[in-house]
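A structural walkthrough
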Amino acid sequence: MVKQLLLFLPLLLFSTEDNISIEPEKLKEKKVEESFLLEFEYGRMLYNNPRGISCSKCHGKEGQGGHKIAKYYDKDKNPKILKGVDITGYSLKDLEASLSNRYRDKNNRRVKHKVMPMYYLTKEEINAIYTYLQEVKNR
């Protein structure tokens, strides 16, 4: 027991309240200032490697859509192709709604995506993806 206390003694000596408590606002500012990635670069990274299937698999390399997701047959046995939509024109509100399955149709009714997976992204991550999509749209 004495050996265990001796191991933790240096930690206790150097742990003062000033060292432990960091104001959340200052921590957030520090992270932003020290970040080596721009927001659109972080958004590109998330777009290509989110939690699950990459956005580019359905929406293309830069969100322009048109990629074949699946081929299926309707009730009359006619072949159909499901393609990803262009998301470069989405507003931030639409993107947030789509990524959290809160999308609304033209009549303001909640519509659940039949194909879109849930990603459980934070607001900051969605903002970064939105910034990336705006950057590629405006090239």
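Heads up: these notes are all about the structure in this document. (Residues numbered from 1 in each chain as written. Predicted model: local features only at pLDDT ≥ 70, side-chain atom pairs only at ≥ 80, totals over all residues. Heavy atoms only, no water.)

**Side note on the overall build of the protein**
Heads up, the condition is: The way it works is that DSSP assigns letters per residue, a run of H or I at least four long becomes a helix, a run of E at least two long becomes a strand, and they are numbered from the N terminus. A 1.4 Å probe rolled over the protein chains alone gives each residue an accessible area, and that area as a share of the maximum for its type sets the label: buried under 20%, exposed over 50%, partly exposed in between. Any pair of residues with heavy atoms lying within 4.5 Å of one another is described as a contacting pair. Only the protein chains shown count as covering a residue, and every accessible area follows the Shrake-Rupley method with a 1.4 Å probe.
Along its length, the protein carries seven helices and two strands. Put simply, the protein runs from its N terminus to its C terminus through helices and strands in the order α-α-α-α-α-β-β-α-α. By residue count, 22% of the 139 residues in the protein fall in the buried class. The contacts of the protein with a sequence gap of at least 6 include a subset with a gap of at least 24, amounting to 47%. For the protein, the accessible surface area stands at approximately 11,200 Å², while carbon and sulfur atoms represent 56% of it.

**What about the pattern of salt bridges?**
Put simply, the rule reads: The working definition used for a salt bridge is a side-chain nitrogen of Lys or Arg within 4 Å of a carboxyl oxygen of Asp or Glu.
Counted by the stated rule, this structure contains one salt bridge. When the shortest N-O distance is used, the salt bridge between Glu 96 and Lys 123 registers 3.3 Å. Linking Glu 96 in helix 6 (residues 92-99) with Lys 123 in helix 7 (residues 123-137), this pair joins segments that are 27 residues apart in sequence.

**Regarding the packing of helix 6 against helix 7**
The relative placement of two packed helices comes down to the angle between their axes together with the axis-to-axis distance. Defined as follows: Axes, fitted as lines to C-alpha atoms, cover a helix only where it is in contact. Angles between the N-to-C directions of the axes lie from 0 to 180 degrees. Should an angle lie under 35 degrees it is considered roughly parallel, over 145 roughly antiparallel, and from 65 to 115 roughly perpendicular; all remaining angles are considered oblique. Definitions for this section: a left-handed crossing has its near helix turned counterclockwise from the far helix by less than a right angle. A right-handed crossing has that turn clockwise. The nonpolar class holds Ala, Val, Leu, Ile, Met, Phe, Trp, Tyr, Cys and Pro. Asp, Glu, Lys and Arg form the charged class, and all remaining residues, Gly among them, are polar.
Direction vectors running N to C along helix 6 and helix 7 enclose 125 degrees, while the axes themselves pass 10 Å from each other. Classified by the interaxial angle, the pair formed by helix 6 and helix 7 is oblique. For the element pair helix 6 and helix 7, the recorded crossing hand is right-handed. Contacts between helix 6 and helix 7 pair Leu 92, Leu 95, Glu 96 and Leu 99 from the former with Lys 123, Ile 126, Asn 127, Ile 129, Tyr 130 and Leu 133 from the latter. Residues that form the contact of helix 6 with helix 7 fall into these classes: seven nonpolar, one polar and two charged.

**Details of the side chain of Thr 88**
As a reminder of what qualifies: For the purposes of these results, a polar contact is taken to be a pair of N or O atoms within 3.5 Å, where, inside protein, one atom must be able to donate a hydrogen and its partner to accept one; residues adjacent in sequence count only when each atom of the pair is a side-chain atom.
Within the secondary structure, Thr 88 sits in the loop between strand 2 (79-83) and helix 6. A polar contact is formed between the side chain of Thr 88 and the side chain of Asp 86, at a distance of 2.6 Å. Beyond its immediate sequence surroundings of up to four residues, Thr 88 is in contact with Glu 62, Gly 63, Gln 64, Leu 133, Gln 134, Val 136 and Lys 137.

**Focus: a nonpolar patch on the surface**
Rules: Only residues whose relative accessible area exceeds 30% and that take part in no salt bridge are eligible for patches, with like-charged residues grouped when within 9 Å of each other and nonpolar side chains (Val, Leu, Ile, Met, Phe, Trp, Tyr) grouped when within 5 Å.
Taken together, the side chains of Phe 36, Leu 37 and Met 45 define a hydrophobic patch exposed on the protein surface, amounting to about 340 Å² of accessible area. Inspection of the secondary structure assignment puts Leu 37 in the loop between helix 3 (24-34) and helix 4 (39-48).

**Observations concerning the environment of Glu 62**
Here Glu 62 is to be found in the loop between helix 5 (56-59) and strand 1 (68-73). Residue classification places Glu 62 among the partly exposed positions, given a relative accessible area of 26%. For Glu 62 and Ile 87, which are 25 residues apart along the polypeptide, the C-alpha to C-alpha distance reads 8.9 Å.

Such coordinate-based values are descriptive only and should not be taken to indicate function.
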